[in-house]
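Each chain is listed here by its residues.
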Amino acid sequence: MKFSASAIAIAGLVTYVSAAATTVFPSAASSTTLSAPISVSGTYDGGMKRFNRNNGCTSGEGGDSDAVFILASGATLKNVIIGSAQTEGVHCSGPCTIQNVWWEDVCEDALTLKQTSGTSYIIGGGARHASDKVIQHNGGGTVNVKDFFVQDFGKLYRSCGNCGTQYKRTFVASGVVAVDGGTLVGINTNYGDTATISSTCTAGVTDICQRYTGNNNGGEPPKTGAGNDGTYCKYDATVTKKSTCF
């Protein structure tokens, strides 16, 4: 299925207003199960409908064919709930905007970014039950996350540690609420990655920023340190571990 802004009649528009992260998952207006990914160019507004895939959640890394949505460069996906019956969630072929999108139960990765340059924006929304990664950044450029809620997760963001083609990647986050997780951000210092985090609350999170030495041969990248080093991992006193963020 292929949709564009000019081809879709938008119903049930939900307006997003920039604010601190919302920590209550929304109820779905309705639900549907897809037999193939929805390809989006332009803007797709789901009207807070829940989308599942007929292939359910399968273990291991999936591809584009396993995704619920595939976004073209410059596309926007908004007001969507991704259900538990899916493997890959959303794939962005280039810079994209993800606005008020909620993953009720992440299977493999919630969002995979393949842009070689430019900036992708994740604004509002949230994800939970991600045993591995929420945002997998395989390409280059910048990822900017604002007012996002994440709960019960392995990593909110990971700059690919062993992709065949590597890039310098930039991660910026503000207004995030993260509870009960492993690592908020993982980056590769040998490729010049940086992570800048502000106005963020973490509770029950092991590491705010983990540094790695990445590679392009598929090997497991070693950890080289964690915490605010002022060069690669940068965050201020507002980013603190607390007993609760609610």
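What comes next is a walk through the structure. (Residues numbered from 1 in each chain as written. Predicted model: local features only at pLDDT ≥ 70, side-chain atom pairs only at ≥ 80, totals over all residues. Heavy atoms only, no water.)

1. Concerning the state of the cysteines
Taken as a whole and assessed by the stated rule, the structure comprises 5 disulfides. Between the sulfur atoms of Cys 57 and its disulfide mate Cys 107 the distance is 1.9 Å. The sign of the S-S torsion, about 80°, decides the handedness of the disulfide formed by Cys 57 and Cys 107: right-handed. Of this pair, Cys 57 sits in the loop between strand E4 (43-53) and strand E5 (69-71) while Cys 107 sits in the loop between strand E8 (97-103) and strand E9 (109-113), placing them 50 residues apart in sequence. Since its relative accessible area comes to 10%, Cys 107 is described here as buried. The residue that forms a disulfide with Cys 92 is Cys 96, at a sulfur-sulfur distance of 2.1 Å. A torsion of 90° about the S-S bond marks the disulfide between Cys 92 and Cys 96 as right-handed. Accessibility expressed as a relative area gives 0% for Cys 92, which makes it buried. In this structure Cys 96 comes out as buried when scored by relative accessible area, which is 3%. (Disulfide = S-S within 2.5 Å. Helix = DSSP H or I, 4+ residues; strand = E, 2+ residues; numbered from the N terminus. Buried < 20%, exposed > 50% of the residue type's maximum accessible area, 1.4 Å probe, protein only.)

2. Quick look at the layout of surface pockets
Put simply, the largest pocket is a space of about 380 Å³. A per-element tally of the lining of the largest pocket places strand E11 (residues 126-137) first, with 3 residues. A class-by-class count of the residues in the lining of the largest pocket yields 3 nonpolar, 7 polar and 10 charged. (1 Å grid on protein atoms, 1.4 Å probe; cavity = no way out; pocket = protein on both sides within 12 Å on 5 of 7 lines; lining within 4 Å. Points joined across faces, edges and corners; volume = space filled by probe spheres on them. Nonpolar A, V, L, I, M, F, W, Y, C, P; charged D, E, K, R; others polar.)

3. So, the nonpolar core
Phe 69, Ile 98 and Trp 103 are the most contacted members of the largest nonpolar core, which has 49 residues in total. Apart from the residues within four sequence positions on either side, Trp 103 is in contact with Phe 25, Ile 82, Gly 89, Val 90, Ile 98, Ala 110, Leu 111, Gly 126, Ala 127, Arg 128 and Phe 148. Residues Ile 81, Trp 102, Phe 149 and Val 179 belong to the second largest nonpolar core, which totals 11 residues. (Core = buried A, V, L, I, M, F, W, Y, C linked by side-chain atoms within 4.5 Å. Contact = heavy atoms within 4.5 Å.)

4. Things to note about the pattern of salt bridges
If charged atoms from side chains of opposite charge come close, those side chains can pair. Scanning the model with the defined rule gives 5 salt bridges in all. Between Arg 50 and Glu 104 there is a salt bridge, and its shortest N-O distance comes to 2.8 Å. Residue Arg 50 is located in strand E4, and its partner Glu 104 is located in the loop between E8 and E9; the two are separated by 54 residues in the primary sequence. Using a relative accessible area of 15% as the deciding quantity, one classes Glu 104 as buried. A salt bridge links Asp 64 to Lys 114, with the shortest nitrogen-to-oxygen separation between them at 2.7 Å. Of this pair, Asp 64 sits in the loop between E4 and E5 while Lys 114 sits in the loop between E9 and strand E10 (119-123), and the two are 50 residues apart along the sequence. Judged by its relative accessible area of 33%, Lys 114 falls in the partly exposed class. (Salt bridge = Lys/Arg side-chain N within 4 Å of Asp/Glu carboxyl O.)

5. Let's talk about the side chain of Thr 87
Residue position: Thr 87 is located in the loop between strand E6 (76-82) and strand E7 (90-92). For Thr 87, a relative accessible area of 1% translates into the label buried. Polar side-chain contacts of Thr 87 include one of 3.1 Å to the backbone nitrogen of Thr 58. (Polar contact = N/O pair within 3.5 Å; in protein donor to acceptor, adjacent residues only side chain to side chain.)

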